[in-house]
Amino acid sequence: TQWSFPSDHAAVAEASSLVLGSLFPDARQALAALAADAAESRVWAGRAFRSDVEAGRSVGRAVAVRAIARAALDNAVGRRRSGAAVDQEIPGGW
């Protein structure tokens, strides 16, 4: 019997591409393609089942959504503390 778990490679690739894509929108498609290739490489190499990869990508998406939301919240709080208008862009902010 072979064990099956969500692919950590797929999770990290998916989360990274989504977080970086939120910071660099022009690179979003290229990052997504790289993440898909990284995830699929586990299936191609026979190291993971397709279901492991899909589960890993789902985990990665959930992590990215939370990370992006937290960064936006932290940025808004930082703007309020600095006295900047909440809708004013802060260099290096999300």
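(A) Main features of the side chain of R57. Tracing the chain through its elements places R57 in helix α3 (residues 50-82). Assessed through its relative accessible area of 17%, R57 is described here as buried. At 2.9 Å, the side chain of R57 forms a polar contact with the side chain of E14.

(B) Just the packing of helix α2 (residues 28-44) against α3, in detail. With their axes 8 Å apart at the nearest point, α2 and α3 run at an angle of 150° to one another. In terms of axis orientation, α2 runs roughly antiparallel to α3. Crossing angle aside, the handedness with which α2 passes α3 is right-handed. For the pair formed by α2 and α3, the contact residues are A36, A39, E40, R42 and V43 on the first element and R50, V53 and R57 on the second. Tallied by class, residues from the contact of α2 with α3 come to four nonpolar, no polar and four charged.

(C) Up close: the packing of aromatic side chains. The final tally for this structure, using the stated rule, is one aromatic pair. Seen in terms of ring centroids, W3 and F5 are 6.3 Å apart; in terms of plane orientation they differ by 15°. Their pairing is stacked. You'll find W3 and F5 in the same group, each marked exposed.

Rules and cut-offs
Residues numbered from 1 in each chain as written. Predicted model: local features only at pLDDT ≥ 70, side-chain atom pairs only at ≥ 80, totals over all residues. Heavy atoms only, no water. Helix = DSSP H or I, 4+ residues; strand = E, 2+ residues; numbered from the N terminus. Buried < 20%, exposed > 50% of the residue type's maximum accessible area, 1.4 Å probe, protein only. Polar contact = N/O pair within 3.5 Å; in protein donor to acceptor, adjacent residues only side chain to side chain. Axes fitted to C-alpha atoms, helices over the stretch in contact; angles between N-to-C directions. Parallel < 35°, antiparallel > 145°, perpendicular 65-115°, else oblique. Left-handed = near helix turned anticlockwise from the far one by under 90°. Contact = heavy atoms within 4.5 Å. Nonpolar A, V, L, I, M, F, W, Y, C, P; charged D, E, K, R; others polar. Phe/Tyr/Trp six-rings, centres within 6.5 Å; stacked < 30°, edge-to-face > 60°.

Functional significance is not addressed by these values, which are geometric in nature.
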